[in-house]
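Architecture and fold: a report
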Protein chains: 2
Amino acid sequence: MPNNQFKKGELYSFITGKASTAIARRLQKKFNMSGLNLTIEQWSVLYHLWKQEGISQQELCNATFRDKPSITRLVDNLEKLNLVKRVASQNDRRINLIYLTRQAQKIQEQTMLMAEETLNEALETVPPEKVEVCKEVLQVVYDNLK
Amino acid sequence: MPNNQFKKGELYSFITGKASTAIARRLQKKFNMSGLNLTIEQWSVLYHLWKQEGISQQELCNATFRDKPSITRLVDNLEKLNLVKRVASQNDRRINLIYLTRQAQKIQEQTMLMAEETLNEALETVPPEKVEVCKEVLQVVYDNLK
DNA sequence: GGCATATAGTTGTTTGTGCAACTAATCAAA
DNA sequence: TTTGATTAGTTGCACAAACAACTATATGCC
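Notes on the structure follow. (Residues numbered from 1 in each chain as written. Chains lettered and ligands numbered in written order. Predicted model: local features only at pLDDT ≥ 70, side-chain atom pairs only at ≥ 80, totals over all residues. Heavy atoms only, no water.)

**Some words on the sheet that holds strand 2 (residues 84-88) of chain B**
All names here are of chain B. With antiparallel pairing, three strands are arranged side by side in an open sheet as 1-3-2. Since the sheet does not close on itself, it has two edges, and those belong to strand 1 (55-56) and strand 2, each with one partner. Pairing between strand 1 and strand 3 (residues 96-100): two bridges, direction antiparallel. Pairing of isoleucine 55 across the sheet is with isoleucine 98, part of strand 3. Here helix 3 (residues 40-51) sits on the sheet in contact with strand 1, strand 2 and strand 3, set at roughly 90° to strand 3. On top of the sheet, helix 5 (residues 68-80) reaches strand 2 and strand 3; it is set at about 115° to strand 2, its chief contact. (Pairing = 2+ DSSP bridges. Helix = DSSP H or I, 4+ residues; strand = E, 2+ residues; numbered from the N terminus. Contact = heavy atoms within 4.5 Å. Axes fitted to C-alpha atoms, helices over the stretch in contact; angles between N-to-C directions.)

Given below as structure tokens:
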């Protein structure tokens, strides 16, 4: 049993994602405090559209590790908030291409700063080389399981 | 900006908890495959009751980092599944003490083995000393934000 | 061309989460 | 001892996730 090195409480934390839950809650509070009516999940979709808009819902599924119904509903809600628009693809009429509204473009910088701020608060007391190891381990975990 | 060391994709992974999501999904699949009708969230409540039963819902809130309504509903569903029982406290009639049924005691070992197995799969290729650093960093993150 | 299959997206259902508002019981202080 | 504050738990609402079943479009093969 090569890696069975978990005391019980630690096993629990790894599975439930205590740390990332705490990070997401903190960021959500920052959104709320600044009057942004936006969930972390909605933000995570915008995050990928800021990198590249005009991608399909399926591509958003792959980017965000969600299934198709989840993305359908997130895009529904983002459309209601007037943050994205569905545009039917010319080439393939099954596909919706998702575009940002001007309003969504406006909140990019503000929310990315809050995200960076949150991570800085989270990692304030952690030496950079340990953060590096942690990032690496989490990536391997994901690759091992996906 | 001492710890602003996140490339964009990494920032995303930290906030969304890609790794712990993958772990939880894998464990849920193991539950389903073995015919266990149990969610990871329900399991996480049982987890603390296996350590000590007869605690209050409020204590379960603290142990699992959930708010009171979440615990109310998880306990509701665990009661429906005949895995726990609410027992009114003699000393303080506001309090429900939560006890395990025989059925819940039976699945402890089986599910804990599946959880360990899942973590072993997740960390198969990771040297133990890196796992240690990762655990430590995640704990500090939680402490910094809680 | 026509039929089977695959792909993109939607809808329904169950479960869980976070917030606010609520009830009931307890405690504390005048 | 009565009144005000605190604590434990519940309920309602909006949002999200996972799964299954569904529609519509596209593709591939004969």
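More follows now that the structure is in view.
**Regarding the packing of aromatic side chains**
Evaluation of the coordinates by the stated rule reveals 10 aromatic pairs over all chains. Of the aromatic side chains, those joined through ring pairs into one cluster are A:Tyr12, B:Phe31, B:Trp43, B:Tyr47, B:Phe65 and B:Tyr142. Here the basic side chain of A:Lys18 rests over the ring of B:Tyr142, its NZ or CZ set 4.2 Å away from the ring centre. (Phe/Tyr/Trp six-rings, centres within 6.5 Å; stacked < 30°, edge-to-face > 60°. Lys NZ or Arg CZ within 6 Å of the ring centre and 35° of its normal.)

**Digging into the packing of helix 3 (residues 40-51) of chain A against helix 4 (residues 57-64) of chain A**
Residues and elements named next belong to chain A. Running from N to C, helix 3 and helix 4 cross one another at 110°; their axes reach a closest spacing of 10 Å. By the criterion of interaxial angle, the relationship of helix 3 to helix 4 is roughly perpendicular. Where helix 3 abuts helix 4, its residues Ser44, Val45, His48 and Leu49 lie against Leu60, Ala63 and Thr64. Tallied by class, the residues present in the contact of helix 3 with helix 4 amount to four nonpolar, three polar and no charged. (Parallel < 35°, antiparallel > 145°, perpendicular 65-115°, else oblique. Nonpolar A, V, L, I, M, F, W, Y, C, P; charged D, E, K, R; others polar.)

**With respect to the interface of chain B and chain A**
Each side of the interface is counted separately: chain B has 60 residues, and chain A has 60 residues. Area buried by chain B at its contact with chain A is led by B:Tyr12, B:Ile15 and B:Leu145, which between them contribute 12% of it. Between chain B and chain A we count two salt bridges in total. Between A:Glu136 and B:Lys130 there is a salt bridge, with its nearest N and O atoms 2.8 Å apart. Inspection of the chain B/chain A interface yields 10 residue pairs in polar contact (both at pLDDT 80 or more). Every element with two or more residues in the side of chain B that touches chain A is listed here: helix 1 (8-16), helix 2 (18-33), helix 3, helix 4 (57-64), helix 7 (108-123) and helix 8 (128-145) of chain B. A per-element tally of the side of chain B that touches chain A places helix 8 of chain B first, with 16 residues. Its residues assigned to classes, the side of chain B that touches chain A shows 32 nonpolar, 15 polar and 13 charged. (Buried area = accessible area lost by both parts, 1.4 Å probe. Salt bridge = Lys/Arg side-chain N within 4 Å of Asp/Glu carboxyl O. Polar contact = N/O pair within 3.5 Å; in protein donor to acceptor, adjacent residues only side chain to side chain.)

**Describing the protein's contact with DNA strand C**
Taken together, 25 residues sit near DNA strand C, with A:Gln58, A:Lys68, A:Arg73, B:Thr39 and B:Asn77 positioned nearest. Taking all atoms of DNA strand C within 4 Å of the protein, the share assigned to sugar and phosphate is 59%. Residue B:Arg93 places a main-chain N or O atom 2.9 Å away from a phosphate oxygen belonging to DNA strand C. Secondary-structure elements contributing two or more residues to the surface near DNA strand C are helix 4 and helix 5 (68-80) of chain A together with helix 3 and helix 5 of chain B. (Near = heavy atom within 4 Å.)

**Quick look at the environment of B:Arg86**
Residues and elements named next belong to chain B. Residue placement: arginine 86 occurs in strand 2. Taking C-alpha positions, arginine 86 is 9.2 Å from glutamine 57, a pair spaced 29 residues apart along the chain. Of note is the side chain of arginine 86, whose polar atom sits 3.2 Å from the backbone oxygen of threonine 72. Of note is the side chain of arginine 86, whose polar atom sits 2.9 Å from the side chain of glutamate 79.

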